[in-house]
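Chain and residue survey
As a plain string of letters, each chain reads:
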Amino acid sequence: MKFEYNEFKVIENELNKEELRFSESIMSLANEYMGMRGNFEEKYSGDSLQGTYIGGVWFPDKTKVGWWKIGYPEYFGKMINSPNFIGIGVSIDGQELDLNVEDLVSYRRELDMEKGLLKRSFEIKRSGKTFQIDVERFVSIDTKEICGIKYSVKAINSEALVEFTPYLDADVENEDSNYEEKFWQVLDRGAKENTGYLVSKTIENNFGVERFAICNYMVSSLYSDQGQDGKFEAIVSNDSVLTRSGLKIGPGQSVSLEKIIATTTTRDHKEEDLAHTAGDLARVAAESGYEKLFERHAIKWRQRWDIADVVIKNNPKLQQGIRYNIFQLFSTYYGDDLRLNIGPKGFTGEKYGGATYWDTEAYIIPMYLSTAPQEVTRNLLLYRFNQLKEAYHNANMQGLKGALYPMVTFNGIECHNEWEITFEEIHRNGSIAYAIYNYANYTGDYDYIVEYGIDVLVGISRFWADRVHYSQRNKKYMIHGVTGPNEYENNVNNNWYTNTIAAWTLEFTMAMIDKLGDKLNQKLTGLAIDQEELGRWKDIVDNMYYPYDEELGVFVQHDTFLDKDLQPVDVLTEADRPLNKNWAWDKILRSCYIKQADVLQGIYYFGDRYTDEEKKKNYLFYEPMTVHESSLSACIHSVLACEIGLEDKAVGMYERTARLDLDNYNRDTDDGLHITSMSGAWMSIVQGFAGMRTYDGNLSFAPILPSEWDGYSFNINYRGRLINLDLSKDDLTISLKKGSPIDLYLYKKKHLLEDKLVIKRG
């Protein structure tokens, strides 16, 4: 399936029933509070993945394994499909509308990313009668609890009776449920005239995890272009409520339904107040009407784009890709709720489970630092601080000291059910610490470390200090039994990246203790930090083992990597790819093939520590063996390719990360988008092609322009300023749009930016 290239819209011009799941993923909408896949409002009898999700609402599904080990998670936390509140039954002359069986004359659907609107327009023919149907839907970022739908039917050449049945339905399921359970029970329901509500609660669980209740409340109105208004009747059943109304129209006339839904949850309200609160919200919204609600929503999107937009000049394909990624990320998270984070599928599917991975700290935070208010990123850090107690619990479950942040979680407790990932991929702990460094280094807000960050850094450092062991034979500290970022290897010893980030965490924590001095005295006393402990940390830093090959001049991914049969990806056939769908896991583990940046992830993180020659040698050694079957892979390779002068590779990797889902590169977008990799397109442009870096309070750029591009432009927030960079074939222009003057570096030369700097190119 191909989408039409458009700079601010994603457009499909046909209904491809075989790839509807893919299209449903692409057309997803959300507002951080709730969201849904691009499912049709009306009945569809063909294959579809139904999905409506509420932020922070989840269920602990019992871990299903054939064996058990001490420390294994008791449950797998999953984002559950919530009651369907967008449903609208539609019938014309008594025959239900179903696009799986209709005679379609035309079909068009578009996702308007500029305004956050999903539109569908199609024409059907029945026994010589033709009807035009237009549908719009948005999930408000102005009032988080509100979703608005407008559904219109026009009779082209005949009279018709058009009936609408807006409904709420709690009889939903998750495809990936271990035991084919349904997770909702209805507590209360009601309907009267044009209103209806449904209060549902997650079923009981055996793990002491809180149960969530939600209320969906709908208010509908029906009217024709001839000034008629429809009257509704209400119907209540066990798991659903519905209202029904219809009008007769003549040739050329239309009838429209507006359905406004408010959703409340026990995350914000008492259970007994849910229906009353949702009802008030829905009625007030309905009084405003669909158009005014949408207008306020669209204004908020314009404000976000004014800060965050990235322009790629005269290239609709690449422009569409990066805007799509920014749109879906901001739909998933914009820092409004301190209890939420960014899940790998966001509100677009149920795969993976969990509310957050280490992806947030490694890939999302760099973009949010530059494109959103500072408190948005601060809230992401506070999310981890608020789960520090649970991180200590996770480490304790492994018999270790300190804090181990989870691979997958909703509440801070580890809930992932793959041992080799959950308890071996411990490098994630380092990314939690790196995010604190990244935030303080970029914003200058070291008070965050004093107030909160030092607690997290000490907890993680104590974990690393306990997890290493000292090799008497080598007189070095080592870390055995891990999985690095390359998940196509498990249980390896001395993964270079893991050892590197473990030692760096200890080093950074000590540096912050030294830098912030007296400000931390009270905190350090409470944390019981003494010189003996700091001395051990320093000894680990000074004597960490890092695999290295003198002949090749590369950091070795782990102790036995070079003993593998080292073959480039080029020898693989199309039938081999992707490996995780075509090869046995044993074969993957024994192969040399790399899922995503591993050694190169460390070089990206700590780019100021390595020479250009070291970067290039490692890139040219590892990238040819990298299959990029993680959505997180391409952006790191694009950024580093820019640094070492590999323009074609950088552009190719940018296109892959920018259009990963739109073009379904990994053939797995059917079950949801790769939300946490979507910052990769921004990273590739801003950190890659524009070369933005900030070290020790010095902001620098070294922009390059790919030979086939006309130019690009973007804004960044930086320490109370809004700065615009605009690169064309002729000029580099840096403009200060807001804030005080600043010294910055362009191509390593210092400049004072007071208003605008223009540098001629060529």
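Just so it is clear, the model here is predicted, and its values are computed rather than measured. (Residues numbered from 1 in each chain as written. Predicted model: local features only at pLDDT ≥ 70, side-chain atom pairs only at ≥ 80, totals over all residues. Heavy atoms only, no water.)

Considerations on the packing of aromatic side chains
Note the threshold: Pairing of aromatic rings covers Phe, Tyr and the six-membered ring of Trp, with a centre-to-centre limit of 6.5 Å; geometry is then stacked below 30 degrees between planes, edge-to-face above 60, and tilted otherwise. Numbering goes from the N terminus for both helices and strands, where a helix is a DSSP run of H or I of at least four residues and a strand is a run of E of at least two. Any residue under 20% of the maximum accessible area for its type is buried, any over 50% is exposed, and the rest in between are partly exposed; the area is computed with a 1.4 Å probe on protein chains only.
All chains considered together, the criterion is met by 49 aromatic pairs. Taken together, a centroid distance of 4.7 Å and an interplanar angle of 45° make the contact between Phe59 and Phe183 tilted. Of this pair, Phe59 sits in strand β5 (residues 58-62) while Phe183 sits in the loop between β13 (160-169) and β14 (184-192), and the two are 124 residues apart along the sequence. In this structure Phe183 comes out as buried when scored by relative accessible area, which is 1%. Relative to Phe508, the ring of Trp504 lies with its centre 5.1 Å away and its plane at 5°, an arrangement referred to as stacked. Taken as a pair, Trp504 and Phe508 lie in helix α11 (residues 496-516) at a separation of 4 residues, close to a single helical turn.

Remarks on the nonpolar core
Note the following rule: Each nonpolar core is a collection of buried residues, namely Ala, Val, Leu, Ile, Met, Phe, Trp, Tyr and Cys, held together in the definition by side-chain atoms within 4.5 Å.
If you look at the biggest cluster of nonpolar residues, it comprises 228 residues, and the most contacted ones within it are Tyr151, Phe164, Tyr654, Ile685, Tyr712, Phe714 and Ile716. Per-element tally for this core: the top contributor is α11, with 12 residues.

Some words on the sheet that holds strand β25 (residues 693-695)
Put simply, the rule is: For two strands to be treated as a pair, DSSP must find no fewer than two bridges joining them. Comment: axis = line fitted to C-alpha atoms, over the contacting stretch for helices; angle = value between 0 and 180 degrees taken between N-to-C directions.
Strand order in the open sheet made by the 4 strands is β25-β26-β30-β31, with mixed pairing throughout. Of all the strands in the sheet, the pair left with one neighbour each is β25 and β31 (749-753). Strand-to-strand twist across the sheet, computed as the mean angle between neighbouring axes with direction ignored, equals 35°. When strand β30 (residues 742-746) meets β31, the two strands line up antiparallel, connected through 5 bridges. What sits directly across from Leu746, in β31, is Lys749.

A few points about the side chain of Thr348
Filter applied, for reference: Nitrogen and oxygen atoms within 3.5 Å of one another constitute a polar contact, given that in protein one can donate a hydrogen and the other can accept it, and given that sequence-neighbouring residues count only through two side-chain atoms. Note on definitions: a residue-residue contact is assigned when non-hydrogen atoms from the two residues lie within 4.5 Å.
Residue placement: Thr348 occurs in the loop between α4 (316-332) and α5 (359-371). Among the residues examined, Thr348 registers a relative accessible area of 2% and is labelled buried. There is a polar contact of 2.6 Å between the side chain of Thr348 and the backbone oxygen of Lys345. Residues in contact with Thr348, not counting those within four places in the same chain, are Ser25, Ser28, Arg37, Tyr53, Asp671, Gly672, Leu673 and Ile675.

Some words on the state of the cysteines
To keep things clear, this is the line we draw: Throughout, a disulfide means two cysteine sulfur atoms within 2.5 Å of one another.
Counting across every chain of the model gives 0 disulfides. Just so you know, Cys635 is unpaired, no disulfide at all, and the nearest cysteine sulfur is the one on Cys642, 12 Å from it.

Description of the environment of Lys587
Looking at the secondary structure, you find Lys587 in helix α15 (residues 585-590). Judged by its relative accessible area of 39%, Lys587 is partly exposed. Separated by 99 residues in sequence, Lys587 and Tyr488 have C-alpha atoms that sit 9.6 Å apart.

Re the sheet that holds strand β3 (residues 34-36)
Pairing is antiparallel in the open sheet, where 3 strands are placed in the order β2-β3-β4. Two strands bound the open sheet, and with one partner strand each, they are β2 (29-30) and β4 (52-54). Bridge count for β3 against β4 is 3 bridges, and the pairing is antiparallel. Residue pairing across strands places Met34 opposite Ile54, the latter belonging to β4.

What about the packing of helix α18 (residues 633-643) against helix α20 (residues 680-689)?
The test is simple: Comment on the angle field: the value is read as roughly parallel under 35 degrees, roughly antiparallel over 145, roughly perpendicular from 65 to 115, and oblique elsewhere. Polar here means any residue outside two lists: the nonpolar Ala, Val, Leu, Ile, Met, Phe, Trp, Tyr, Cys and Pro, and the charged Asp, Glu, Lys and Arg; Gly therefore counts as polar.
Between α18 and α20, the shortest axis-to-axis distance is 8 Å and the interhelical angle comes to 10°. By the angle between their axes, α18 is roughly parallel relative to α20. Of the residues in α20, those touching α18 at Cys635, Ile636, Ser638, Val639 and Cys642 are Gly680, Met683, Ser684, Gln687, Gly688 and Phe689. Residue classes in the contact of α18 with α20 are distributed as 6 nonpolar, 5 polar and no charged.

What about the pattern of salt bridges?
Here is the rule we go by: Any carboxyl oxygen of Asp or Glu that lies within 4 Å of a side-chain nitrogen of Lys or Arg is treated as forming a salt bridge with it.
The tally for this structure, following the rule as stated, stands at 50 salt bridges. Arg378 is the partner of Asp445 in a salt bridge, and the nearest nitrogen-oxygen pair spans 3.2 Å. Of this pair, Asp445 sits in the loop between α9 (428-443) and α10 (447-467) while Arg378 is found in helix α6 (residues 374-385), placing the two residues 67 residues apart along the sequence. According to the relative accessible area criterion, Asp445 is buried, its value standing at 14%. For Glu489, the salt bridge is made with Lys564, and the minimal N-O distance between the two is 2.7 Å. On the criterion of sequence distance, the pair formed by Glu489 in the loop between β22 (476-478) and α11 and Lys564 in the loop between β24 (554-555) and α14 (579-582) is long-range, its members being 75 residues apart. With respect to class, Glu489 is no different from Lys564; both count as buried.

Side note on the packing of helix α19 (residues 647-658) against α20
In a pair of packed helices, the angle between the axes and the distance between the axes together describe the arrangement. Between α19 and α20, the least distance of the axes is 8 Å, while the angle of their chain directions is 155°. The orientation of α19 relative to α20 falls into the category roughly antiparallel. Along its contact with α19, which presents Ala650, Val651, Tyr654, Thr657 and Ala658, the element α20 presents Gly680, Ala681, Ser684, Ile685 and Phe689. Taken together, the residues of the contact of α19 with α20 break down into 7 nonpolar, 3 polar and no charged.

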